Amino acid sequence: MLKLVFTLAVIGAIYYFLIKKPQVTQKRQERADAETSKPKKGEEIMVECEKCGTFISTHEAIIKDGKYYCSKECAGVK
Ligand SMILES: [Zn+2]
């Protein structure tokens, strides 16, 4: 009886490490991708420049620290 409980515990541990853990890391990766990457090609979303308020499409926008800028000057990029 004790052996059966131990076997179930081992199976549970294997399930936890093989199935649960990769899912958690995958979700973290997806979230990181969504935060850092630009919108997909073809998606023309108008955004407001953080500095001067000019509306530009995300295709043309410069993204710095997660904020949109209309030009390198506004973004403070040399
Ligand atoms: Zn601007």
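The structure presented is a predicted model; accordingly, all values stated were derived computationally and were not measured.

Here we come to the overall build of the protein. Looking only at helices and strands, one finds two helices and four strands in the protein. Start at the N end of the protein and walk to the C end: the helices and strands fall as α-β-β-β-β-α. Looking at the protein as a whole, 13% of its 78 residues qualify as buried.

In a perfect tetrahedron of four donors around a metal, the angles come out at 109.5 degrees. In a perfect octahedron of six, they are 90 or 180 degrees. Looking at the zinc ion, the protein donor atoms are Cys49 (SG), Cys52 (SG), Cys70 (SG) and Cys74 (SG), and they sit 2.3 Å from it. Coordination at the zinc ion comes from four donor atoms whose angles at the metal span 103 to 114 degrees, giving a geometry best classed as tetrahedral. Within one chain, the residues donating to the zinc ion are spaced in sequence as C-x2-C-x17-C-x3-C. Placement of Cys52 in the loop between strand S1 (46-48) and strand S2 (55-57) and of Cys70 in the loop between strand S4 (67-69) and helix H2 (72-75) is noted, with a sequence separation of 18 residues between them.

Residues Met1, Leu4, Val5, Phe6, Leu8, Val10, Ile11, Ile14, Tyr15, Leu18 and Ile19 make up a contiguous nonpolar surface patch of about 1200 Å² in total accessible area. Note on placement: Phe6 falls in helix H1 (residues 2-36). A relative accessible area of 57% means that Phe6 is categorised as exposed.

Before going further, it helps to spend a moment on the packing of aromatic side chains. Overall, the coordinates contain one aromatic pair when judged by the stated rule. Pairing Tyr16 with Phe17 gives two aromatic rings, centres 5.4 Å apart and planes at 85 degrees, and the pair type is edge-to-face. The class for Tyr16 is partly exposed, based on a relative accessible area of 45%.

The next point concerns the environment of Cys52. Residue Cys52 is classed as partly exposed on the basis of its relative accessible area of 44%. For the pair Cys52 and Tyr69, spaced 17 residues apart in sequence, the C-alpha to C-alpha distance is 8.2 Å. Excluding residues within four positions of it along the chain, Cys52 makes contact with Cys70 and Cys74.

Structurally, Tyr68 can be placed in strand S4. The class of Tyr68 is partly exposed, set by a relative accessible area of 23%. Each C-alpha atom of the pair Tyr68 and Ile56 lies 8.8 Å from the other, and the pair is 12 residues apart in sequence.

With that out of the way, let us pick up unusual backbone geometry. Unusually for a residue other than glycine, Asp65 sits at a positive phi of about 55 degrees. One can find Asp65 in the loop between strand S3 (62-64) and S4.

Rules and cut-offs
- Residues numbered from 1 in each chain as written.
- Predicted model: local features only at pLDDT ≥ 70, side-chain atom pairs only at ≥ 80, totals over all residues.
- Heavy atoms only, no water.
- Helix = DSSP H or I, 4+ residues; strand = E, 2+ residues; numbered from the N terminus.
- Buried < 20%, exposed > 50% of the residue type's maximum accessible area, 1.4 Å probe, protein only.
- Donors = N, O, S within 2.8 Å, 3.2 Å for Na, K, Ca; no water.
- Tetrahedral: all angles 85-135°; square planar, octahedral: opposite > 155°, others 65-115°.
- Patch = residues over 30% accessible without salt bridge, like charges linked within 9 Å, V, L, I, M, F, W, Y side chains within 5 Å.
- Areas by Shrake-Rupley, 256 points an atom, 1.4 Å probe, with all protein chains shown as cover.
- Salt bridge = Lys/Arg side-chain N within 4 Å of Asp/Glu carboxyl O.
- Phe/Tyr/Trp six-rings, centres within 6.5 Å; stacked < 30°, edge-to-face > 60°.
- Contact = heavy atoms within 4.5 Å.

The analysis is restricted to geometry; functional conclusions fall outside its scope.
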